[in-house]
Amino acid sequence: DTAVSQTPKYLVTQMGNDKSIKCEQNLGHDTMYWYKQDSKKFLKIMFSYNNKELIINETVPNRFSPKSPDKAHLNLHINSLELGDSAVYFCASSSRDPGKQFFGPGTRLTVL
Amino acid sequence: TQLLEQSPQFLSIQEGENLTVYCNSSSVFSSLQWYRQEPGEGPVLLVTVVTGGEVKKLKRLTFQFGDARKDSSLHITAAQPGDTGLYLCAGAGGKLIFGQGTELSVKP
């Protein structure tokens, strides 16, 4: 059973489009995160949610909107995609913030 | 702003060699985590160090947390090709702050 799953694994799209990435965890964790890993492999937190409530919102453009319908799901919607949004996006969860994090397999987003 | 400087960024060695990766900051962290990431996958936690001066061993990997809880090191003894991957340190202080990562390649 996959602990943290993300879909899709790969996303190739044109500039200006809107896209969503979905994340689900079956670990029963209270906290979920979105991270962005750039081409130099630098991993940076974007958002964190605790029990469906937004806790951390780093200086991310408001084109990025996370949504947590329940404790086990955290989705990321991105409007008006730009070339600079190309990266690998990781979802993660932990039982406490910011304890041991369990990462999903990542979604590689390529904006053309 | 809390920053973690990780070095070296790239390391290519032969099987059997020893190596050390460093993670330094001017900030104090409540704990420090080390992750390993393989291509196409998410990072996986290797260890968490919490107490200043703490040393933890995981088979051939030795992790140390600095006395002042501002720095950490990862030492691998007799590296093997299976150790190849991206090693990330992450400091905990309200949120996880990641270092830039060390890409390790161990050649047979």
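Rules behind the numbers
Residues numbered from 1 in each chain as written. Chains lettered and ligands numbered in written order. Predicted model: local features only at pLDDT ≥ 70, side-chain atom pairs only at ≥ 80, totals over all residues. Heavy atoms only, no water. Helix = DSSP H or I, 4+ residues; strand = E, 2+ residues; numbered from the N terminus. Rg over C-alpha atoms; globule rule 2.2 N^0.38 Å. Buried < 20%, exposed > 50% of the residue type's maximum accessible area, 1.4 Å probe, protein only. Contact = heavy atoms within 4.5 Å. Areas by Shrake-Rupley, 256 points an atom, 1.4 Å probe, with all protein chains shown as cover. Disulfide = S-S within 2.5 Å. Buried area = accessible area lost by both parts, 1.4 Å probe. Salt bridge = Lys/Arg side-chain N within 4 Å of Asp/Glu carboxyl O. Nonpolar A, V, L, I, M, F, W, Y, C, P; charged D, E, K, R; others polar.

Draft legend 1. Expanded view of the overall build of chain B. Helices and strands together make up the secondary structure of chain B, namely zero helices and 11 strands. For chain B, the α and β elements follow one another from N to C terminus as β-β-β-β-β-β-β-β-β-β-β. On C-alpha atoms alone, chain B measures out to a radius of gyration of 13 Å, which is about the 13 Å that the 2.2 N^0.38 rule sets for 108 residues. Relative to its 108 residues, chain B shows a buried fraction of 45%. By sequence separation, contacts in chain B at least 24 residues apart represent 53% of the contacts at least 6 residues apart. Looking at chain B as shown, the accessible area adds up to about 5,000 Å², and 50% of this sits on carbon and sulfur atoms.

Draft legend 2. The arrangement of the state of the cysteines in detail. Residue and element names in this part refer to chain A. What the rule picks out here adds up to two disulfides over all chains. Between the sulfur atoms of C23 and its disulfide mate C91 the distance is 1.8 Å. Every disulfide takes its handedness from the sign of the S-S torsion; for C23 and C91 that torsion is -75°, giving left-handed. One end of the pair, C23, is in strand 3 (residues 19-25); the other, C91, is in strand 9 (residues 87-94), with 68 residues separating them in the sequence. As far as burial versus exposure is concerned, C23 and C91 are alike and both buried.

Draft legend 3. Focus on the interface of chain B and chain A. Each partner contributes residues to the interface: chain B has 18 residues there, and chain A has 19 residues. Contact between chain B and chain A buries roughly 1,400 Å² in total, counting both sides, with carbon and sulfur atoms accounting for 58%. Linking chain B with chain A are two salt bridges. Here E58 of chain A and K95 of chain B are joined by a salt bridge, their closest N and O atoms 2.8 Å apart. Put simply, the parts of the chain that give the side of chain B that touches chain A at least two residues each are strand 4 (31-37), strand 9 (85-92) and strand 10 (96-98) of chain B. Residue composition of the side of chain B that touches chain A, grouped by class: eight nonpolar, seven polar and three charged.

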